Amino acid sequence: MNKDLTVGKPESVLWRFCMPLFGSIIFQQLYNIADSFVAGKFIGENALAAVGNSYEITLIFIAFAFGCNMGCSVVVSKLFGAKDYHKMKTAVYTACIFSAIVCAVLMLIGIAGSGALLHLIRTPDEVFADSKLYLDIYAWGLPFVFFYNIATGIFSALGDSKTPFYFLAVSSTANIAVDIWFVKAFQMGVAGVAWATFLCQGISCVLAMAVVFRRLAKIEGKEKAAIFDTQILMQIVEIAIPSTLQQSFISLGNIVIQSIINGFGAPVMAGYSAAVKLNNLVITSFTTLGNGISNYTAQNLGAKKLSRIKEGFRIGIKMVWMLSLPLFLLYFFGGSIVLKLFMDQPTELAMQTGINFLRILSPFYFVVSAKLVADGILRGAGMMSKFMIATFTDLILRVVLAFVFSKTALGATGIWCAWPIGWCVATVVSIWFYRKGPWQQAKSN
């Protein structure tokens, strides 16, 4: 059901909008970690390392899908908040055409260049074949990734966070079952993990897009909406490109870091692969809530209700800190327990690598979560240059310091120490930009 986020008490509105997002976070992460879980538990440590190694490259593809998602979502949110339903429909059609073109280009790169990308990050010989197999299959499923992201972006723009939750709950649960079925029953190895994801994403994508167009057909308009609009495309691109660059450069940074980690051998790779999936669960959780804040900001900006944006920041901080506390406690004190979900009979070095990673990063979840709330408001308000500055501050610090610290006596542990430094500095930058926004002068209702 569509929901207007510009009316009602901001705290109540955001909680009702974000509660399904909390549920979506859980199932989204089940989707993301299922492949590593099945590979590590039912195939072996090298399979886990291969999936984790490929995962860093797939994040680049996901970055483009995420950029299309945010470009569509923010523009549609503003038009929905302004009650301009005719242009809103045109924005959806334009976003779909734009996404299809971007997806086609990336498919060609992924299918033709997977081997070169894996060589670029110094993939060890013992995991190269499985890494390439996983990546090749993933590339063929990119249309499902793109259009599913477009669908969820539209749902969120219309204030509907429940429908994406339902799709994720079913598809992620099915993905785990099909993963295990293909690997255990058919002995398909890493290929089974990849094909299971392909199948479940495909079904979810088709159903989600069908619901989107059925929903749009019920929204009344004065006249038939145009299929494409260049001006709207520019508005989408203005949001999509910085969002894509943000995620892409983060992924490229992670690939550089992955290449540094690969030099420490398969056990460290496996420990990092398991731990970084757990860390990404947290970061994606914060990012998802930040995206919700973006939709809330864009709708209220379209309705010219700036005071609600300032209140939204305060409420968003409360939400992410409530999420940060249990995750910090779990990872810091119970890291060895959750890591065993991904590794069957891990080596001592692999386990210790994962534990060190989680203990160094988890205390700083309170910091990075505040940054991602501020980023969500900056993106929803279209302040993309400031958004990019904050993002690159974090990325550059993490990559440079990871390289420097890895050459010291700290070794691989030095790489993990780069994360908190980048987070802290970038959080200061993001919040400073947020405090310069036009909503600071708006009086609260």
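Please read all numbers here as calculations on a predicted model, not as lab measurements.

Caption draft 1: Region of the structure containing the nonpolar core. Core analysis: the largest hydrophobic core is formed by 75 residues, its most contacted members being Phe286, Phe357, Trp416 and Trp419. Tallying contributions element by element places helix α9 (residues 266-302) first for this core, with 15 residues. Non-local contacts of tryptophan 416, meaning those with residues more than four positions away in its chain, are made with Ile261, Tyr272, Thr353, Asn356, Phe357, Ile360 and Leu361. The next biggest cluster of nonpolar side chains, apart from the first, holds 52 residues, and it includes Cys72, Val76, Phe146 and Ile219.

Caption draft 2: Representation of the pattern of salt bridges within the structure. For the coordinates displayed, the defined rule picks out 5 salt bridges. Lysine 132 is the salt-bridge partner of aspartate 136, the closest N and O atoms lying 2.9 Å from each other. Residue aspartate 136 and its partner lysine 132 are both found in helix α4 (residues 125-140); the two are separated by 4 residues, about one turn of the helix. Residue arginine 215 is joined to aspartate 160 by a salt bridge in which the shortest nitrogen-to-oxygen separation is 3.0 Å. Placement of the pair is arginine 215 in helix α7 (residues 190-218) and aspartate 160 in the loop between α5 (142-157) and α6 (162-185), with a sequence separation of 55 residues.

Caption draft 3: Structural detail: the packing of helix α12 (residues 365-380) against helix α14 (residues 412-434). One way to put it is that α12 packs onto α14 with a least axis distance of 8 Å and a crossing angle of 35 degrees. Taken as a pair, α12 and α14 cross one another with a handedness that is left-handed. Across the interface between the two elements, Tyr365, Val367, Val368, Ala370, Lys371, Ala374, Asp375, Ile377 and Leu378 from α12 touch Trp423, Cys424, Ala426, Thr427, Ser430, Ile431, Phe433 and Tyr434 from α14. Looking at the contact of α12 with α14, its residues break down into 13 nonpolar, 2 polar and 2 charged.

What counts, and where the lines are drawn
- Residues numbered from 1 in each chain as written.
- Predicted model: local features only at pLDDT ≥ 70, side-chain atom pairs only at ≥ 80, totals over all residues.
- Heavy atoms only, no water.
- Core = buried A, V, L, I, M, F, W, Y, C linked by side-chain atoms within 4.5 Å.
- Buried < 20%, exposed > 50% of the residue type's maximum accessible area, 1.4 Å probe, protein only.
- Helix = DSSP H or I, 4+ residues; strand = E, 2+ residues; numbered from the N terminus.
- Contact = heavy atoms within 4.5 Å.
- Salt bridge = Lys/Arg side-chain N within 4 Å of Asp/Glu carboxyl O.
- Axes fitted to C-alpha atoms, helices over the stretch in contact; angles between N-to-C directions.
- Left-handed = near helix turned anticlockwise from the far one by under 90°.
- Nonpolar A, V, L, I, M, F, W, Y, C, P; charged D, E, K, R; others polar.

Distances and angles like these do not, on their own, reveal function.
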